[in-house]
Structures are given as structure tokens and as C-alpha cells.
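# Fold and geometry: a report
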Amino acid sequence: MPWYTNPAITRKVLHRIANRYARASLQELNSTLDKATQMLWNKQHQYVSYNQTGAHN
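These lines cover the structure that appears in this document, whether it is placed above or below.

What counts as what
- Residues numbered from 1 in each chain as written.
- Predicted model: local features only at pLDDT ≥ 70, side-chain atom pairs only at ≥ 80, totals over all residues.
- Heavy atoms only, no water.
- Axes fitted to C-alpha atoms, helices over the stretch in contact; angles between N-to-C directions.
- Helix = DSSP H or I, 4+ residues; strand = E, 2+ residues; numbered from the N terminus.
- Parallel < 35°, antiparallel > 145°, perpendicular 65-115°, else oblique.
- Left-handed = near helix turned anticlockwise from the far one by under 90°.
- Contact = heavy atoms within 4.5 Å.
- Expected span 1.5 Å × (residues − 1).
- Buried < 20%, exposed > 50% of the residue type's maximum accessible area, 1.4 Å probe, protein only.

All right, on to the packing of helix H1 (residues 7–20) against helix H2 (residues 26–53) then. Two elements in contact, H1 and H2, have axes separated by 10 Å at closest approach and are oriented at 155 degrees. Considering their axes alone, H1 and H2 lie roughly antiparallel with respect to each other. The handedness of the crossing between H1 and H2 is right-handed. On the side of H1, the interface is formed by Thr10, Leu14, Ile17 and Ala18, while H2 contributes Leu29, Thr32, Leu33, Ala36, Thr37, Leu40 and Gln44.

This is the structure we're talking about:
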């Protein structure tokens, strides 16, 4: 399974992003984390969809 399907790893990634924006405004931090979370959800959705369709066979 890819790394982005592991909740512990995705939590660490989001935490690292938040640490890099420590001095940013709360609005900028929220926006950045929202974008990163959406990207992770999209990657997870694509992975699950691909594996459910049997396209990998």
C-alpha cells in the first residue's frame, strides 16, 4: 500500500507542513493544510478507485 493510505504517515506529513508555516497567519496555515488534505484525499480516492475497478490486473 502507498504511504498516503497510512493515517500515521499522513498525520506526520501534515504536522511537518504545519511546522513549516509556524510563523504564518492562521488563515494561511488553514488554507495550506486544507489544500494538502484535499490532495491526500484525492490520491487515496484514486488509489481505491483504481484497485476496485480491477484496472491493475
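Next up on the list: H2. The end-to-end C-alpha distance of H2 is 40 Å, a good match for the 40 Å that 28 residues give at a rise of 1.5 Å each. Buried within H2 are the following residues: Leu29, Thr32, Leu33, Ala36 and Leu40. Against the buried residues of H2 lie H1.

Further remarks concern the side chain of Thr10. Of note, Thr10 is situated in helix H1. Judged by relative accessible area, Thr10 falls into the buried class, the value being 11%. Excluding anything up to four places from it in sequence, Thr10 contacts Trp3, Tyr4, Leu40 and Gln44.

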